[in-house]
Amino acid sequence: MVLDRLRRGGGGKDPKKIPDGLWVKCPGCTKTVFKRLVEERLDTCPECGHHFTMTAERRVEALMDAGSWKEIDHGLTSSDPLGFVDSKAYPARIAQSQAKTGMKDAVITGHGTMNGIKSHLGVMDFRFNGGSMGSVVGEKLTRVIEAATATKQPVVIVSSSGGARMQEGVISLMQMTKTSAALARHSEANLPYISVLTNPTMAGVMASFASLGDVIIAEPKALIGFTGARVIKNTIKQELPEGFQTSEFCMEHGQVDLIVPRQEMKSELSRILRYLAPQAVG
Amino acid sequence: MSNPFDFMDHLLELESKIEELQNLSGQTGLDMSEEVRSLRDKLQSETRRTFDGLNAWQRVQLSRHPLRPQTSDYIDHMVEDFVPLAGDRAFAEDYAIICGLGRIEDIPCMIIGQQKGKDVHERRRCNFGSPHPEGYRKAMLKMRVAEKFHLPIVTLINTPGAYPGIGAEERGQSIAIAENIRDMAALRTPVVSVVIGEGGSGGALGIGVGDRILILENSYYSVISPEGCAAILWKDGSKAPDAAERLRLTAQALHELGIADEVVQEPAGGAHRQGELMSRQLGAVVARHLRELLAMSEAELRDARYAKYRAIGQWQE
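Small disclaimer: the values here were computed from a predicted structure and weren't measured.

Peer 1: Is there a simple way to explain the overall build of chain B in this structure?
Peer 2: Of the regular secondary structure elements, chain B holds 14 helices and nine strands. Considered along the principal axes of its C-alpha atoms, chain B spans approximately 65 × 50 × 45 Å. Out of the 317 residues in chain B, the part that is buried amounts to 59%. Counting only contacts in chain B whose residues sit at least 6 apart along the sequence, the fraction spanning at least 24 positions is 71%. When the accessible surface of chain B is summed, it comes to about 13,300 Å², and 51% of that surface belongs to carbon and sulfur atoms. Averaging the locations of the 37 positively and 46 negatively charged side chains of chain B gives two centres separated by 4 Å.

Written out as structure tokens, the structure reads:
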């Protein structure tokens, strides 16, 4: 439901990848802008600051120090526990996402340094099946959290997801518990977790690990919430307020600590981690 | 829409025939006990045959039956000496979740259950069983009380989902559910969670992180409602029966998938036919699990709970 709205580009946000070519039309200001400038600004519009959808790979590059990144658990791929078929069989859907993104599933995990601070990191990619969380996403995130706990390092997770992955049914739902339980242990060890919310972070992902940061940071104008706007509208039969379920809405309602533009994210994360994880400063 | 319970029509017909015969016998003085007995046998075998053969969608219908026992019914018939405890101490009382102290087969515990409401007034007050953030926060607050005083917790799940509304989003529906999941995972006291009706996604999970997950025979637990799933996949909510089948959301499927620890049998004809018997049956099962869990040390309990959820998922590597 959430995904539908996003695919149609609701709320002025368009998660579509920047098309190939020299120029790109910004969905924020509708101006045609030079693509290389957009890329140099970490996939944000040089005119209006609109944040384009960022691939997980580029996000890792943007956050971790050059040459420090070690990916872990790269090889995990979905099986098909329910034998789920809709217009397409689930394995075919996964193969399609893999071909489109070059990723095995919707998250990359690993560790490295962030301005010299040793940290574990998980980054979701919305292009892969709407960033949905099934077994692979749940398992990889749980492993990266556990690895952070074991090495006494902080963990940062950058979320971008429509929620739990329908095609794995209740097994997807239980990944919410698995990841949250790992975070409970990480927290009991007094180790920091910073959650970064990007467009969009909704439903089962927002209702589990994405909401559990010691510090929660949102990118500007990201769509963040539990229930998709269309479902709410259909239920309550009234119009939703302007800016409903945006980062700014969440800030106003006390749900996030900070709104940080993408270009400042790495410096802001490391500034916070120097306070919360001085032992990880190399 | 047609009668969602039409698969039980022939059983109701048989029942009314038996009643008719009995009335006739009473009026005329004729001995019809033979006929009545044979019809009763037939009703019994037909009921079993019908219920054994129910498809996923029919079970979803039963899980939503208006007369299906709710948390308040279980409190009346499964729990003794119940002391209701209200309030999240912050925003409002949420009637969609009932909390309180009580005894199940002499085991003192904290009971937390979702409530849909028994009549129009209560249903509205309960938002038809869809809790707001304050409901989840109240539940966690009462679970903390239980933990502090070494009482086990029993949660009864019955929600179509957490409430989808403006206020719920403003007050952090996702955060409330997420924090409950995390904090339940780390509780230092036993938790038995029972899906007594609808196990609607994150709204169910928000009180659902048990050491044991039990599910009544005609309940379901799913990542998304069959209607929601059908709307997304086929842009057609009327394909919900098909979605119900594919989501593998029935009690039996959940047991096979290793999510539900035990399927609790319902009385013949479904829990709504014999609510008190259902309560007694469930009480015995819950008490058995509570006793097992109470025999474990705190460390064993927490390690086992972590391992239980840690093991869920399937992938290739």
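Peer 1: What is the right way to read helix α3 (residues 56-63) of chain A from this model?
Peer 2: Think of an α-helix as 3.6 residues a turn; residues three or four steps apart then line up on the same face. Residue and element names in this part refer to chain A. Within the sequence span of α3, burial applies to Ala56, Arg59, Val60, Ala62 and Leu63. The arc enclosing the buried residues of α3, seen along the axis, measures out at 165°, which places them on a common side. Across α3 from its buried face, at more than 90 degrees, point the exposed residues Glu57 and Glu61. Those residues of α3 that are buried are in contact with β5 (107-114), β6 (117-124), β7 (155-161), β8 (193-202) and α10 (262-276).

Peer 1: Sorry if this is basic, but what is going on with the domain arrangement of chain A here?
Peer 2: Many analyses report the size of an interface as the accessible area lost when the parts associate. With domains assigned, chain A is organised as domain 1 (1-52) and domain 2 (53-280). A straight line from the C-alpha centre of domain 1 of chain A to that of domain 2 of chain A covers 21 Å.

Peer 1: Is there a simple way to explain the interface of chain B and chain A in this structure?
Peer 2: At the junction of the two partners, chain B supplies 51 residues and chain A supplies 59 residues. Summed over both sides, the interface of chain B with chain A buries roughly 4,900 Å², with 66% coming from carbon and sulfur. Between the two partners, chain B and chain A, sit five salt bridges. For the salt bridge of B:Glu317 with A:Arg143, the shortest nitrogen-to-oxygen distance reads 2.8 Å. For the pair chain B and chain A, the interface holds 19 residue pairs in polar contact (both at pLDDT 80 or more).

Peer 1: Looking at this structure, how should I read unusual backbone geometry?
Peer 2: Most peptide bonds adopt trans geometry, and most residues besides glycine take a negative phi value. All names here are of chain A. Residue Pro200 is bonded to the preceding Asn199 through a cis peptide linkage, with omega at -10°. Tracing the backbone through its elements, the reader meets Pro200 in strand β8. Positive phi, close to 50°, is recorded for Asn115, a residue that is not glycine. Along the chain, Asn115 falls in the loop between β5 and β6. With phi around 65°, Gln245 is a residue other than glycine that occupies positive phi space.

Peer 1: Help me understand the domain arrangement of chain B in this model?
Peer 2: Residues and elements named next belong to chain B. Split by domain assignment, chain B resolves into domain 1 (6-53) and domain 2 (60-311). Between the C-alpha centres of domain 1 and domain 2 the distance comes to 35 Å. Taken over both partners, the interface formed by domain 1 and domain 2 buries close to 490 Å², and the fraction arising from carbon and sulfur atoms is 66%. It is Phe7, Met8 and Phe51 in domain 1 that bury the most area against domain 2; as a group they hold 66% of the surface buried on that side. In this assembly, domain 1 and domain 2 are joined by one salt bridge. Residues Glu15 and Arg273 are paired through a salt bridge, measuring 2.8 Å at the closest nitrogen-oxygen approach. Our count for the domain 1 to domain 2 interface comes out at one residue pair in polar contact (both at pLDDT 80 or more). Secondary-structure elements contributing two or more residues to the side of domain 1 that touches domain 2 are α1 (9-28) and α2 (33-52).

Rules and cut-offs
Residues numbered from 1 in each chain as written. Chains lettered and ligands numbered in written order. Predicted model: local features only at pLDDT ≥ 70, side-chain atom pairs only at ≥ 80, totals over all residues. Heavy atoms only, no water. Helix = DSSP H or I, 4+ residues; strand = E, 2+ residues; numbered from the N terminus. Buried < 20%, exposed > 50% of the residue type's maximum accessible area, 1.4 Å probe, protein only. Contact = heavy atoms within 4.5 Å. Areas by Shrake-Rupley, 256 points an atom, 1.4 Å probe, with all protein chains shown as cover. Lys, Arg positive; Asp, Glu negative; His and termini not counted. Charge placed at Lys NZ, Arg CZ, Asp CG, Glu CD. Arc of directions from axis to C-beta. Domains from an automatic or database assignment. Buried area = accessible area lost by both parts, 1.4 Å probe. Salt bridge = Lys/Arg side-chain N within 4 Å of Asp/Glu carboxyl O. Polar contact = N/O pair within 3.5 Å; in protein donor to acceptor, adjacent residues only side chain to side chain.

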